[in-house]
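Examining the three-dimensional arrangement
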Amino acid sequence: MVPAIGLPAQDREAPVESREWGPRRAPPMTLPGTGWCTTRVKGTFGMTTQQSTATSDPAATGTGETLTVADNRTGLSYEVPITDGTIRAMDLRQIKVGDDDFGLMTYDPAFMNTASCRSEITFLDGDRGILRYRGYPIEQLAEHSSFVEVAYLLVFGELPTQAQLDSWTEEIKGHTFVHENVKKFMEGFRYDAHPMGMLQASVGALSTFYPEAKDIADEEIRHRQIVRLIGKMPTLGAWAFRHTTGRPYVYPKKELSYAGNFLSMLFAMSIVGYEADPRIERALDILLILHADHEQNCSTSAVRSVGSSQVDPYSAVAAGVSALYGPLHGGANEAVLRMLNRIGTTENIPDFIEGVKAGKERLMGFGHRVYKNFDPRATIIKKACDDVFEVTGVNPKLAIAVELEKIALADDYFVSRKLYPNVDFYSGLIYEALGMPVEMFPVLFAIGRTPGWVAQWREMITDKEQKISRPRQVYIGPDERDYVPMAKR
Ligand code: ACO
């Protein structure tokens, strides 16, 4: 017998062994606007073996697997199609207690169990630590590909031919320059402005330079903005950094690679030339690849959600940068470095861990909403750390991070909650070794994530099922009440 879900055992009705039962007999009802079939069956309470057998019969609706939902308020039973392991939340709206009932909704704060789109871009299996872009394992891309190639893959769905890659690279390089006025508003920021705030504001401001971007229905115009965004993000990020350090802005150089050009715009002095060590350049390229997409994370959802209003992509990506700025998302690598600085020496780790376990603070760079065994990106980054430290010398904080990881992974608090190092635990150490101040860490993340944002934005815009993003709520405020004049309050 299948037990009734959500009721304490003593409150459950006795199972009904024989009942007028007939999902297969009742005519399927097509739900308005969805094209999905739901069968509505009267007179079933609780769930019985009979029912569960009936629901697994594809003939019940003609659409494959189904789920039977018994509404114990009305005694009605509903059959809902299952596709790709999901049911449509809108199908549940047919479940009502009366004609004036709005219908059943799902309540899912923080979208813990809600798929908001069908996507072909990134596959992620958190339990098995798998991350693939367009089917290609992240480990293979990090080893063999380049960031620019990965950007092509994410946006267009296939690895490019040599000719396609050459032309894509040229296009991106051709769009690394920004309007001279960008320099002027960069100068308007306070001397100690956070570069992520500057990036967010300046990427949003790009929409004012390219009014054509509003025409999101035109594929050619969309393409141009995608190229511009991937091309200009490093320039904006580097200039934000130069502003905070009071150095003159360095213009992009076409002869350099994507990562090499970014490093040059960050660190070159106007007279003395700058040439990045190829190992550093490659390590940065790998870091960008690792951050390029991560399906429906907070910032990507922000891009999709804001973009669903059909605003231009610069405004949508500015929303993504804002979401990424938060310490629970892209700000985590910055928080990790601050945490390691605060811990100071390995002797202080046990005290720090006790504080985390007592709920005083979080172990930054640990835990992930989706990865519950390991974050494959963290494994690759750990190796990149070695490559970078070979050039720069070992960052002394590495010893603290390694010891922290060792102690945490042996502690039941972290093990039982499936908290493992995420991509941000070691990336900050590399960024610091590259000479970046902590404020620049989320900026690097944003540059890396841009191809993912624009690929997801493009997919969303061309997805006929998508509409303006607009969740429902459960209202728990006061009932209607009369306005109280000031004197009577
Ligand atoms: N340190 C200590 N405890 C933690 C941590 C952490 N880093 N992360 C989660 N927990 C604990 C919570 O306190 C909670 O414990 P409880 O069940 O006793 O209340 C439990 O683990 C579950 O935590 P949730 O917050 O429910 O997990 P959620 O999936 O919502 O959060 C998140 C995921 C935000 C990443 C979280 O693990 C966290 O805050 N980590 C630190 C910040 C961080 O590194 N963020 C980067 C994420 S990766 C990225 O954005 C690229």
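Everything below is about the structure printed above this text.
Residues numbered from 1 in each chain as written. Predicted model: local features only at pLDDT ≥ 70, side-chain atom pairs only at ≥ 80, totals over all residues. Heavy atoms only, no water.

With that out of the way, let us pick up unusual backbone geometry. Positive phi is not limited to glycine here, since arginine 134 has a value of about 50 degrees. Structurally, arginine 134 is set in the loop between strand S6 (130-133) and strand S7 (136-137). Of note, the phi angle at glutamine 310 is positive, near 70 degrees, even though the residue is not glycine. Mapped onto the secondary structure, glutamine 310 falls in the loop between helix H10 (298-307) and helix H11 (313-325). (Helix = DSSP H or I, 4+ residues; strand = E, 2+ residues; numbered from the N terminus.)

Contacts to the ligand come from 20 residues, most closely from Arg362, Leu363, Gly365, Phe366 and Arg369. Contact distances for the ligand include 2.8 Å between a nitrogen atom and a backbone N or O atom of leucine 363. Of the residues that constitute the shell around the ligand, the class distribution is ten nonpolar, five polar and five charged. (Near = heavy atom within 4 Å. Polar contact = N/O pair within 3.5 Å; in protein donor to acceptor, adjacent residues only side chain to side chain. Nonpolar A, V, L, I, M, F, W, Y, C, P; charged D, E, K, R; others polar.)

The subject of this paragraph is a nonpolar patch on the surface. Together, Phe102, Met105, Tyr107, Val474 and Ile476 line one region of the surface with nonpolar side chains, adding up to about 580 Å² of accessible area. Considering the arrangement of structural elements, one finds phenylalanine 102 in the loop between strand S4 (76-81) and strand S5 (122-125). With relative accessibility at 40%, the residue phenylalanine 102 sits in the partly exposed group. (Patch = residues over 30% accessible without salt bridge, like charges linked within 9 Å, V, L, I, M, F, W, Y side chains within 5 Å. Areas by Shrake-Rupley, 256 points an atom, 1.4 Å probe, with all protein chains shown as cover. Salt bridge = Lys/Arg side-chain N within 4 Å of Asp/Glu carboxyl O. Buried < 20%, exposed > 50% of the residue type's maximum accessible area, 1.4 Å probe, protein only.)

Before going further, it helps to spend a moment on the pattern of salt bridges. Under the defined criterion, the tally for this structure stands at 26 salt bridges. Of the charged contacts, one joins glutamate 212 and arginine 228 as a salt bridge, the two residues approaching to 2.8 Å between their closest N and O atoms. On the criterion of sequence distance, the pair formed by glutamate 212 in the loop between helix H6 (195-209) and helix H7 (219-245) and arginine 228 in helix H7 is long-range, its members being 16 residues apart. A salt bridge links arginine 377 to aspartate 375; the shortest N-O distance between them is 2.9 Å. For the pair formed by arginine 377 and aspartate 375, the shared burial category is buried. Linked through salt bridges whose partners overlap, the residues forming this network are Glu212, Glu220, Arg224 and Arg228.

All chains considered together, the criterion is met by 16 aromatic pairs. With 5.6 Å between their ring centres and 90 degrees between their planes, tryptophan 239 and tyrosine 251 make a pair best called edge-to-face. With tryptophan 239 in helix H7 and tyrosine 251 in the loop between H7 and helix H8 (258-267), this residue pair connects regions lying twelve residues apart in the sequence. The exposure class of tryptophan 239 is buried, given its relative accessible area of 0%. Take tyrosine 251: its relative accessible area is 31%, and that puts it in the partly exposed class. When the centroid spacing of 5.9 Å and the interplanar angle of 80 degrees are considered together, the rings of phenylalanine 241 and phenylalanine 267 count as edge-to-face. With a gap of 26 residues between them, phenylalanine 241 in helix H7 and phenylalanine 267 in helix H8 connect regions that are remote in the sequence. In this structure phenylalanine 241 comes out as buried when scored by relative accessible area, which is 4%. Stacked on the ring of tyrosine 413, the Lys or Arg arginine 417 has its end atom at 3.9 Å from the ring centre. (Phe/Tyr/Trp six-rings, centres within 6.5 Å; stacked < 30°, edge-to-face > 60°. Lys NZ or Arg CZ within 6 Å of the ring centre and 35° of its normal.)

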